[in-house]
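One letter stands for each residue in the lines below.
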Amino acid sequence: MNYDTFIDQVARRTHVASAQAVDLTRGTLATLAERLTGGEALDLAAQLPPPLQAIVRPLPAAEAADRFDAAEFIRRVAARAGVDEQLARNGVRAVFTTVREAVTGGEFDEVMAQMPRDYREMVEPALAPGATRRHG
């Protein structure tokens, strides 16, 4: 999946303009990168479109994952994207669904394995049996 398609999918799913979809995508991926171990963040980055890879790649000293719950994840995305928590929640769902379409199923499963149970509501649409998965 290329960058423009990724952003278009997030915009369509959240019913926002492309510029706001970019902010939601960047905020979600930056927050996700904090929540993943450095190795997993690198694995995920390798499968994302190039403009998004730098957001997910860890800093050299960031091997350990930062532990925080789903509510804190939403708060961080809202702050980064400059939106309220409801729009941030919708954006996170849209980004996770789009990530699932953009990466292999195995990679998405590895990302989800690092997330605690309280994240399930945020990613439920991406985990649904009918969720589409594309590669490209």
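Look above for the structure.
Not measured: the values here are computed from a predicted model.

Now for the pattern of salt bridges. Enumeration over the complete set of coordinates arrives at six salt bridges. Note that glutamate 34 and arginine 76 form a salt bridge whose closest N and O atoms lie 2.8 Å from each other. Taken together, the positions of glutamate 34 in helix α2 (residues 18–35) and arginine 76 in helix α5 (residues 70–81) put the pair 42 residues apart, joining distant regions of the chain. For the salt bridge of arginine 76 with aspartate 66, the shortest nitrogen-to-oxygen distance reads 3.2 Å.

Between α2 and helix α6 (residues 85–102), the shortest axis-to-axis distance is 9 Å and the interhelical angle comes to 75 degrees. Taken as axis vectors, α2 and α6 run roughly perpendicular relative to one another. Residues Gln20, Leu24, Thr25, Thr28, Leu29 and Leu32 of α2 pack against Leu87, Ala88, Gly91, Val92, Val95, Phe96 and Val99 of α6. Class assignment for the residues of the contact of α2 with α6 results in nine nonpolar, four polar and no charged.

Take the side chain of threonine 28 next. Positionally, threonine 28 belongs in helix α2. Not counting the four nearest positions on each side in its chain, threonine 28 is found in contact with Phe73, Val77, Gly91, Val92, Val95 and Phe96.

This part covers unusual backbone geometry. In this model, histidine 15 sits at a positive phi of 60 degrees, which is unusual for a non-glycine residue. With respect to the helices and strands, histidine 15 occurs in the loop between α1 (3–14) and α2.

Before going further, it helps to examine the packing of α2 against α5. The interhelical angle for the contact between α2 and α5, taken along N-to-C directions, is 135 degrees, at an axis separation of 8 Å. Of the possible angle classes, the one that applies to α2 and α5 is oblique. Where α2 crosses over α5, the handedness of that crossing is right-handed. Between α2, through Asp23, Leu24, Gly27, Thr28, Ala30, Thr31, Leu32 and Glu34, and α5, the contact on the second element is made entirely by Phe73, Arg76, Val77, Arg80 and Ala81.

Moving on, we come to the nonpolar core. Counting 45 residues, the largest nonpolar core has Phe6 and Phe73 as its most contacted members. For this core, the secondary structure elements donating two or more residues are α1, α2, α3 (38–47), α4 (50–56), α5, α6, α7 (105–113) and α8 (120–127). Not counting residues within four places of it along the chain, the set of residues in contact with phenylalanine 73 comprises Thr28, Thr31, Leu32, Phe68, Val92, Phe96, Met115, Tyr119 and Met122.

As a further point, take the packing of aromatic side chains. Taken as a whole and judged by the stated rule, the model has three aromatic pairs. Ring geometry for phenylalanine 68 and phenylalanine 73: centres 6.2 Å apart, planes at 35 degrees, overall tilted. One exposure class covers both phenylalanine 68 and phenylalanine 73, and it is buried. Seen in terms of ring centroids, phenylalanine 73 and tyrosine 119 are 5.5 Å apart; in terms of plane orientation they differ by 85 degrees. Their pairing is edge-to-face. Note that phenylalanine 73 is positioned in helix α5 and tyrosine 119 in the loop between α7 and α8, a separation of 46 residues in sequence. Of the two residues examined, phenylalanine 73 and tyrosine 119, each falls in the buried class. Taken together, the ring pairs in this structure connect Phe68, Phe73, Phe96 and Tyr119 into an aromatic cluster. Over the aromatic face of phenylalanine 68 sits the side chain of arginine 35, whose NZ or CZ is 5.9 Å from the ring centroid.

Scoring rules and cut-offs
- Residues numbered from 1 in each chain as written.
- Predicted model: local features only at pLDDT ≥ 70, side-chain atom pairs only at ≥ 80, totals over all residues.
- Heavy atoms only, no water.
- Salt bridge = Lys/Arg side-chain N within 4 Å of Asp/Glu carboxyl O.
- Helix = DSSP H or I, 4+ residues; strand = E, 2+ residues; numbered from the N terminus.
- Axes fitted to C-alpha atoms, helices over the stretch in contact; angles between N-to-C directions.
- Parallel < 35°, antiparallel > 145°, perpendicular 65-115°, else oblique.
- Contact = heavy atoms within 4.5 Å.
- Nonpolar A, V, L, I, M, F, W, Y, C, P; charged D, E, K, R; others polar.
- Left-handed = near helix turned anticlockwise from the far one by under 90°.
- Core = buried A, V, L, I, M, F, W, Y, C linked by side-chain atoms within 4.5 Å.
- Buried < 20%, exposed > 50% of the residue type's maximum accessible area, 1.4 Å probe, protein only.
- Phe/Tyr/Trp six-rings, centres within 6.5 Å; stacked < 30°, edge-to-face > 60°.
- Lys NZ or Arg CZ within 6 Å of the ring centre and 35° of its normal.

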